[in-house]
Structure formats: structure tokens, C-alpha cells
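Secondary and tertiary structure notes
Below are the chains, spelled out letter by letter.
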Amino acid sequence: MEELLNVEAKPPGRTPTIKAYALGNELHLNNLFLKFEGANATGTQKDRISEAHVINAMRGGYNGIAVGTCGNYGASIAYFAHRYGVKSYIGIPKSYSHDRTDFMEAEHAEIIYYDGKYEETVDYVRDFSRDNGLYDASPGSVNSAIDKMMYATIAFEIYEALLRVPSYVIVPVGNGTTLAGIYHGFRRMYEEGVIDHLPRMVGVSTSGGNPIVDSWRRGYSRVIDLNPDEIKETAVNEPLVSYRSFDGQDALKAIRETHGRAMYVSDEEMIYYSNLIYRVEGLNPLPASASAVAAINHIRIKSDETVVSVITGRQI
């Protein structure tokens, strides 16, 4: 048990699993926990994978590291690249809000503003990396297998904190990578005999559009891309909105295999619950991540069931 829980759970990570008494009272739940990834250095769970990618880039002798991002992942890559002395290149859709570009520039990143949607930016960065001898840390790249392994540590930490399997683990989904990784962690513990059942995995995203949620709602066994012209990007939903989810199939499989759910919530709900979490629990989550709490009102959960919502912090 000790070895399984700690073998990969080195910093970044070791974020708190907080029992949210006040928030639980608001939502009529006796056992609501917040896995607060905002305690990582750049305020998000991305730190868990960014350091590993930067180290891999160094070991591989690459000229630098690149990533296509809506903001948070780019900030995380820039942060760790600077600390390890690796040049970073961050691709961001030109139309996005660029809330974290000042932080990236302070970390000596070179920012590439791409005139296209997020998915197209990732595709551009993939080609840019290949042509310039860079390590591609983008979702869906040849290096992305490490993401699931590192996000599995969130599951190890949840179980170590609770000493039981939650009834539900609720995770915001854009590409679906974090949810797939957490499921991988619980699945690994199940196969090792550490736990005897899996939690229900719940994916929540923006009503602006997400193919994981849409495919689950339609009863599809495979994730189907959305029409790019039909998704609605806003400054609030940028971390979640997408017409193609790079790890969507793994996320959908996790939701289906655990008899979980997937759902949309509105920008208004995300903002409301972000403010509520700040008011009653003193945490200041990114509104998109507060979707993991907003989702609770869309599920019939018994008051004594154990729920873990994975949330991140606002920009530093």
C-alpha cells in the first residue's frame, strides 16, 4: 500500500483534500471534499505533468519545449522550463483572453499567437515542434502518455486522505486528460487489490460545447467531434470549450465503465459556485474549475455519499 501510494506522488502534487463543511451544508451533503489543485505552484493540476515533460525534454536533448494551450498549461510549462533552464514556446489562440501571458513572459517564454481555434493551435504547435527540434508537450502528442501516469497521483492522494473510495469523483473536462488520469489511478489501485471498487467518474464541461459530454449524452460509445462553428467560446469557458477532445475517448470510457455521468453547466453557474466556494470555504477557484461543484446540483446524490470535486485556483 505505502509503495503504491507514494511511488509517483512527488512534488508537484501533494495538494490538500479538504472537507468542505460549509459548502456541504449549502449543497446538503455531509461528505463533500475539495481536491484543491490550486495549491500547486501555478495554481492548477497542470504542474503535475509540466515538470515531467520539461525533464523529458532535457533528457531527450531537445532545443526547447513547446505546447498549445488556452493559458494555464502554457503558464505551467513556462514556469518549470524557466527553472530547469529550458527554452519554452507557448502557442495560444489569438482570440483568447491571454490572462496569463504576462506570467509566461516573466518566465522567459516565447509566445506564439495563432490565428485559429485552440485545436488548430495545438496542431500548429505540433508541426512547429517537429520543424524546430522541440519537445511537444501538447495534448495528444507523441509524449502525452506521461499525462495519464502523472494525473493518476491525484487518485492516490484522494484515497490516502480519505482511506475509502469516494462515491463520486467530479472533474472538469476539456480534453478529458485529467479525468482519464484520475480514473487510471483508481483502476491501478483496484487491479493491485488496494481498493475493491471504483468511484463513479463524473465529467463536467461548458454548455458552450464539449465532445465528451455531447457524446455521453447521445449514448455514443466513441467520442464524436463537434462542429467547430457551433461551439461558443467565452472568457469563462476557455479552459473547457472544445470541438475536439484530445483524450476524450479515454475520458468517455472511464465515465461509462464506472457508471458515471457527463453534463454541461453554464458560465453563470461556474461564476456563482466559484464565488460561493470563496465565500464559504476561503478558496478562490478558477470559475471553469468550479464546474466540478456546480455539477452536484445536476446529480441525485444521497446526503451521506462521499463526493470529491477537483478544483484549481485562480491565476497567480
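Everything here concerns the structure above.
Worth saying up front: this structure is predicted, and the values here are computed from it rather than measured. (Residues numbered from 1 in each chain as written. Predicted model: local features only at pLDDT ≥ 70, side-chain atom pairs only at ≥ 80, totals over all residues. Heavy atoms only, no water.)

1. A short note on the environment of I158
Convention followed: Helical segments are the DSSP runs of H or I of at least four residues, strand segments are the runs of E of at least two, and each set is numbered from the N terminus. Any residue under 20% of the maximum accessible area for its type is buried, any over 50% is exposed, and the rest in between are partly exposed; the area is computed with a 1.4 Å probe on protein chains only. Note on contacts: a residue pair qualifies if any of its non-hydrogen atoms lie within 4.5 Å across the two residues.
Along the chain, the position of I158 falls in helix α7 (residues 145-162). Judged by relative accessible area, I158 falls into the buried class, the value being 0%. In sequence terms I158 and P16 are 142 residues apart; their C-alpha atoms lie 8.8 Å from each other. Those residues within four positions of I158 in sequence are excluded, and the remaining contacts are T17, K35, P166, F186 and V308.

2. A closer look at the pattern of salt bridges
Test applied: We define a salt bridge as a side-chain nitrogen of Lys or Arg found within 4 Å of a carboxyl oxygen belonging to Asp or Glu.
What the rule picks out here adds up to 15 salt bridges. A salt bridge links K117 to E233; the nearest nitrogen and oxygen atoms lie 3.9 Å apart. Separated by 116 residues along the polypeptide, K117 in the loop between β5 (110-114) and α6 (118-132) and E233 in the loop between α9 (211-217) and α10 (248-257) bring together distant segments of the chain. Assessed through its relative accessible area of 30%, E233 is described here as partly exposed. One continuous salt-bridge network, built from bridges that share partners, spans D123, R126, D136, D225 and R244.

3. Description of α7
Burial analysis of α7 places 13 of its 18 residues in the buried class, the great majority of the element. Just downstream of α7, L163 is the residue with a positive phi angle, here 60°.

4. Brief notes about empty space enclosed by the protein
To keep things clear, this is the line we draw: Think of a 1 Å grid over just the protein atoms. A cavity is a set of points where a 1.4 Å probe fits yet cannot get out, a pocket is an open set with protein on both sides within 12 Å along at least five of seven lines, and lining residues have an atom within 4 Å of a point. Grid points are joined across faces, edges and corners, and a volume is the space filled by probe spheres set on the points. Amino acid classes used here: Ala, Val, Leu, Ile, Met, Phe, Trp, Tyr, Cys and Pro are nonpolar; Asp, Glu, Lys and Arg are charged; the rest, including Gly, are polar.
Under the counting rule described, the total for this entry stands at two cavities of 30 Å³ or more. Volume-wise, the largest cavity comes out at about 460 Å³. As for the largest cavity, its lining consists of 30 residues, of which Q45, K46, G174, P239 and L240 are closest to the centre. By residue number, the principal contributor to the lining of the largest cavity is helix α8 (residues 177-191), which donates three residues. A breakdown of the residues in the lining of the largest cavity according to their chemical character gives 15 nonpolar, 13 polar and two charged. Here the second largest cavity defines a volume of roughly 40 Å³. K46, I49, Y73, P139, D147, Y151 and T177 together form the lining of the second largest cavity. Looking at side-chain class alone, the lining of the second largest cavity contains four nonpolar, one polar and two charged residues.

5. Some details on the sheet that holds strand β3 (residues 65-68)
Put simply, the rule is: For two strands to pair, DSSP has to find at least two bridges joining them.
The strand order across the open sheet built from four strands is β5-β4-β3-β6, with neighbouring strands paired in parallel fashion. If you trace the sheet from one side to the other, it starts and ends with β5 and β6 (135-136), each paired once. Inspection of the sheet shows β3 paired to strand β4 (residues 88-93) by four bridges, in the parallel sense. Across the sheet, the residue bridging to A66 is Y89, located in β4.

6. Focus on the nonpolar core
Heads up, the rule is: Each nonpolar core is a collection of buried residues, namely Ala, Val, Leu, Ile, Met, Phe, Trp, Tyr and Cys, held together in the definition by side-chain atoms within 4.5 Å.
I65, M104, L179, I182, F186, M189 and I195 are the most contacted members of the largest nonpolar core, which has 64 residues in total. In terms of residues, this core owes the most to one element, α7, which gives ten residues. Residue contacts for I65: discarding those within four places in its chain leaves H53, V54, A57, I77, A81, V86, K87, S88, Y89, L134, Y135 and A137. Within the second largest apolar cluster, 31 residues are counted, among which are F36, V204, M270 and I311.

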